[in-house]
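Examination of the molecular architecture
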Amino acid sequence: MMLEWEKIHPYNAVHAVSVTGRADVHALRGAVRCACAAAGVGELTVDGERRTYRYRPVEDIPIHRLPAGCDAGQTLCAVISEEMNKPFSAEPHSPLRWIVFDDTANDAHLVILAYHHVAADAYSIQALLSLVLHHYLNLSLPGEDSGLNTPMSNHGNLFNRGSHRSGHVRSLARAVHQYFKLRYAHRMHEDRSGRSETKFLLQSVPDGTLDRLRGVCRAEGVGLNDAFLATLVTTLAQLTPARRTHRRRRKIAVATVLSRRKRVSEGLPDLFGVCLSDAALLIDRPDAGMRGVLAQIVPQTRRLKAFQGPIEPSWRFLFTKYLWPALRIPHSEASYRKVFPLCAGVSTVSVDAARFGKAMGRIRHYVRACPPGPAMPMLLAPTMAAGRLELGLVFRPAYLNESQARELLDLLVDALGEFIR
């Protein structure tokens, strides 16, 4: 699906960490080289027709150093925005781009890893970053329970390993069913100027919010991702008052990302690669308030998590791969927006402190940016690390200008605060 999407727009993601002290580019380059060699990550070759990928060794991995900026936050957002819109080569290439710059005002530096999403998911990148930071900071690696001692495959079949033909039929049927459901979902207003770029904004949540949020979620029996989905839907409901008077499209559809590593065999739980699925959730009553929206989200996400059948191909992939050519629907952003009217997506990650071991003590902030794909105006990436919560938002200016995106993030933080109160 990612290979199909990036025919329209680059499908990249970013992890960034703020590390105490000044940057040592020479040491970082050596740490990256050592970690990538251990993981078998070099020059990536993807064969879309044969559905295989392979890595070849590389001698050097460049580190791009930027001059120290007066505002590290603005520099970080600008770099991430640029990296999200910069395509990786279709030829054999390194799927990783490393950028570093000093945050002199806070005696820290930022290490930014932009990656070709077809090569890795957040689980893989966390494992690689942990290896890099331990080498870079001259720290001993965590124990065997960290998961870092497991081998990472350097070649193989990236596409639906273990899926069955019957799953294709079920998934295609689900695609048609979902299409008719989404006919009642709100479509966000779009500037038809033809702009397709994305931008990134970051919102740090006040200290103590994450611990209190975890406590409330435990008490109410809901997941953190459920809470972020409900907060986003509630905020979007506030920002779309015209939707309430629409003849048909009054509901809000959002998407979420699910890791499938615990459900697969053949060594995939330890693979440096991608093992994800996505799901669309339709909220019938988006104006029901935070707990009213949660009550609609939780049953849907529980069904998704409880499903124990074989992993099926993405229903959107089968819909666009087989039905669109038959119906002569062009593979374009306009087609995705029309067929899949999703308002936003959420990709939540809680950074594994055990995996990062002693390196976690040197990390001040951990930030992520995820691509929304051609169907969504925005994607929210809540990232939890070292007791802090960072909200990264990738948005399309064709739907939201920067002022509106900042307002949305402010409303999100206010809604989270109201929920935990």
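Since the model is a prediction, treat every value here as computed from it, not as a measurement. (Residues numbered from 1 in each chain as written. Predicted model: local features only at pLDDT ≥ 70, side-chain atom pairs only at ≥ 80, totals over all residues. Heavy atoms only, no water.)

1. Thoughts on the pattern of salt bridges
Stated formally: For this analysis, a salt bridge means a side-chain nitrogen from Lys or Arg found within 4 Å of a carboxyl oxygen belonging to Asp or Glu. Here a helix means four or more residues in a row that DSSP labels H or I, a strand means two or more in a row labelled E, and each is numbered from the N terminus. When a residue's accessible area, from a 1.4 Å probe over protein chains only, is under 20% of the maximum for its type it is buried; when over 50% it is exposed; and in between it is partly exposed.
Within this structure, the stated rule accounts for 19 salt bridges. A salt bridge links glutamate 83 to arginine 97; the shortest N-O distance between them is 2.6 Å. Of the two residues, glutamate 83 sits in helix H3 (residues 72-84) while arginine 97 sits in strand S5 (residues 96-103), which places them 14 residues apart along the sequence. Each member of the pair glutamate 83 and arginine 97 is classed as buried. When the shortest N-O distance is used, the salt bridge between arginine 337 and glutamate 333 registers 3.1 Å. Placement of both arginine 337 and glutamate 333 in helix H10 (residues 333-339) is noted, with a separation of 4 residues, approximately one turn of the helix. Arginine 337 gets classed as buried once you look at its relative accessible area, which sits at 16%. A relative accessible area of 12% means that glutamate 333 is categorised as buried. Residues joined in a network through salt bridges with shared partners are Glu82, Glu83, Lys86 and Arg97.

2. Examining the packing of aromatic side chains
Centre-to-centre distance and the angle between the planes together describe a pair of aromatic rings. Short version of the rule: Aromatic pairing here means that ring centres of Phe, Tyr or Trp (its six-membered ring) are within 6.5 Å. Orientation follows from the plane angle: under 30 degrees is stacked, over 60 is edge-to-face, and everything else is tilted. We call a charge positioned over a ring when the NZ of a Lys or the CZ of an Arg lies within 6 Å of the ring centre and within 35 degrees of the ring normal.
A complete count under the given rule lists 6 aromatic pairs for this structure. Summarising the aromatic geometry, the rings of tryptophan 5 and tyrosine 11 are spaced 5.2 Å apart at their centres and angled 50 degrees between planes, so their arrangement reads as tilted. The ring of phenylalanine 88 has arginine 97 lying over it, and the distance from NZ or CZ to the ring centre is 3.9 Å. The ring centre of tyrosine 184 lies 5.4 Å from the NZ or CZ of lysine 251, which sits over that ring.

3. Side note on the environment of valine 394
Selection rule: Contacts are assigned to residue pairs with any non-hydrogen atoms lying within 4.5 Å of each other.
Structurally, the position occupied by valine 394 is in strand S15 (residues 388-395). For the pair valine 394 and alanine 405, spaced 11 residues apart in the sequence, the C-alpha separation amounts to 9.2 Å. Not counting the four nearest positions on each side in its chain, valine 394 is found in contact with Met84, Thr198, Lys199, Phe200, Ala369, Cys370, Pro372, Pro377, Met378 and Leu379.

4. Overview of the sheet that holds strand S13 (residues 363-369)
Rules: Between any two strands, pairing holds if DSSP finds at least two bridges. For every element, the axis is a line fit to its C-alpha atoms; helices are fit only across the contacting stretch, and the angle between N-to-C directions ranges from 0 to 180 degrees.
Strands sit in the order S4-S5-S6-S1-S13 across an open sheet of 5 strands; the sheet is mixed. The open sheet terminates on both sides in strands that have one partner only, identified here as strand S4 (63-65) and S13. Pairs of neighbouring strands in the sheet enclose a mean axial angle of 20 degrees, with direction left out of account. Of the strand pairs in this sheet, S4 and S5 are connected by 3 bridges, and their pairing is parallel. Counterpart to histidine 64 in the pairing with S5 is isoleucine 99. Along the sheet, helix H2 (residues 25-39) contacts S4, S5 and strand S6 (108-116); its crossing angle with S4, the most-contacted strand, is approximately 155 degrees. Set on the sheet, helix H4 (residues 122-136) makes contact with strand S1 (12-20), S5, S6 and S13; between it and S1 the angle comes to about 30 degrees.

Function cannot be read off these values alone, since they describe shape.
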